[in-house]
Amino acid sequence: HLALTRARSANMVEFELPILIALADFELAHGNPTGARSRLDDVWEAAERGPYPLQLADAYNVLAEITRADDNSATVDAATKAYRAAWCDGPPYAYHWGLEKAKAHLARQGSVGVFRARTGCIAQLDGIPYRFVHPDQSPCNSSRRRGRS
C-alpha cells in the first residue's frame, strides 16, 4: 500500500487509479468482495472526472466480477459500462483487453449483443455476438437508411 500512499501524497491520480483497481482485484481474488468494492468506491469519481476511460473500464470489469455470483442485472450493467468505457473512439482506438473482458462477462451472463458507437449502447442482434456494426448498417437504424430521420 506504500505505492498508493505515495501516489495520493503526490496527487498523481493517473497512478492512484490503477493501484486501487489492482488492490480491488487482489481483494476479490483473496475472497474479500466487500474490500474490493470499497477500493472501487475510491475510483469512480476520479476516473469519470479525469477522464480515464481505460481505468474506468478496468474498474467496471472488476465490479462485474464482484457482482457475478449475486446479481445478474448488476453484472450486465457493470460489464456494459466497462464495454462503453473501453470502446473509446472505436477500433482501432479502443482498449482491446477491456473490451474482451467485458464481452466475456456479458457472454457468461447470457447477454449477447453488439456495441454501436454513435448511440453508446449495446444493441441485441440475432446470434451475432460483439462485432462492430457501422451505424448505417445496423438493423436498429433501418429507418435512417430509407431516408427517414
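Look up: the structure comes first, before these words.
All figures in this text were calculated on a predicted structure; none of them were measured in a lab. (Residues numbered from 1 in each chain as written. Predicted model: local features only at pLDDT ≥ 70, side-chain atom pairs only at ≥ 80, totals over all residues. Heavy atoms only, no water.)

(A) Just helix H6 (residues 72–87), in detail. A rise of 1.5 Å per residue sets the reference length of H6, with its 16 residues, at 22 Å; its end C-alpha atoms lie 22 Å apart and thus fit the reference within 8%. Residues of H6 that are buried include every one of Thr 75, Val 76, Ala 78, Ala 79, Thr 80, Ala 82, Tyr 83, Ala 85, Ala 86 and Trp 87, and no others. Positive phi appears at Cys 88, one or two residues downstream of H6, with a value of about 50°. (Helix = DSSP H or I, 4+ residues; strand = E, 2+ residues; numbered from the N terminus. Expected span 1.5 Å × (residues − 1). Buried < 20%, exposed > 50% of the residue type's maximum accessible area, 1.4 Å probe, protein only.)

(B) Inspection of the packing of helix H5 (residues 53–67) against H6 at higher detail. With their axes 8 Å apart at the nearest point, H5 and H6 run at an angle of 165° to one another. As judged from the angle between their axes, H5 and H6 are roughly antiparallel. The handedness of the crossing between H5 and H6 is left-handed. Residues Pro 53, Leu 56, Ala 57, Tyr 60, Asn 61, Leu 63, Ala 64 and Thr 67 of H5 touch H6, and the partners they reach there are Ala 74, Thr 75, Ala 78, Ala 79, Lys 81, Ala 82, Ala 85 and Ala 86. (Axes fitted to C-alpha atoms, helices over the stretch in contact; angles between N-to-C directions. Parallel < 35°, antiparallel > 145°, perpendicular 65-115°, else oblique. Left-handed = near helix turned anticlockwise from the far one by under 90°. Contact = heavy atoms within 4.5 Å.)

(C) Molecular detail of the pattern of salt bridges. Counted under the stated rule, the structure contains five salt bridges. The partner of Arg 68 in a salt bridge is Glu 65, and the shortest N-O contact between them spans 3.6 Å. Between Arg 108 and Glu 65 there is a salt bridge, and its shortest N-O distance comes to 3.8 Å. Pair noted here: Arg 108 is in helix H7 (residues 96–108) and Glu 65 is in helix H5, with a separation of 43 residues, a long-range link. Each of Glu 65, Arg 68 and Arg 108 takes part in salt bridges that share partners, so that together they form one network. (Salt bridge = Lys/Arg side-chain N within 4 Å of Asp/Glu carboxyl O.)

(D) Layout of the packing of H6 against H7. Put simply, H6 and H7 touch, their axes get as near as 8 Å, and they point 160° apart. Here H6 is positioned roughly antiparallel relative to H7, judged by the angle of their axes. H6 and H7 meet at a crossing whose hand is left-handed. On H7, the residues touching Val 76, Ala 79, Thr 80, Ala 82, Tyr 83, Ala 86 and Trp 87 of H6 are Gly 98, Leu 99, Ala 102, Lys 103, His 105 and Leu 106. Counted by class, the contact of H6 with H7 contains nine nonpolar, three polar and one charged residues. (Nonpolar A, V, L, I, M, F, W, Y, C, P; charged D, E, K, R; others polar.)

(E) Up close: the environment of Pro 33. Among the secondary structure elements, Pro 33 is positioned in helix H3 (residues 33–41). For Pro 33, a relative accessible area of 37% translates into the label partly exposed. Sequence-distant contacts of Pro 33, that is, excluding residues within four places in its chain, are made with Leu 28 and Ile 66.

(F) Structural context of the nonpolar core. Judged by nonpolar contacts, the single largest core of 33 residues is most densely connected at Leu 40, Val 43 and Trp 44. Within the residue set of this core, elements represented by two or more residues are helix H2 (13–29), H3, helix H4 (44–49), H5, H6 and H7. (Core = buried A, V, L, I, M, F, W, Y, C linked by side-chain atoms within 4.5 Å.)

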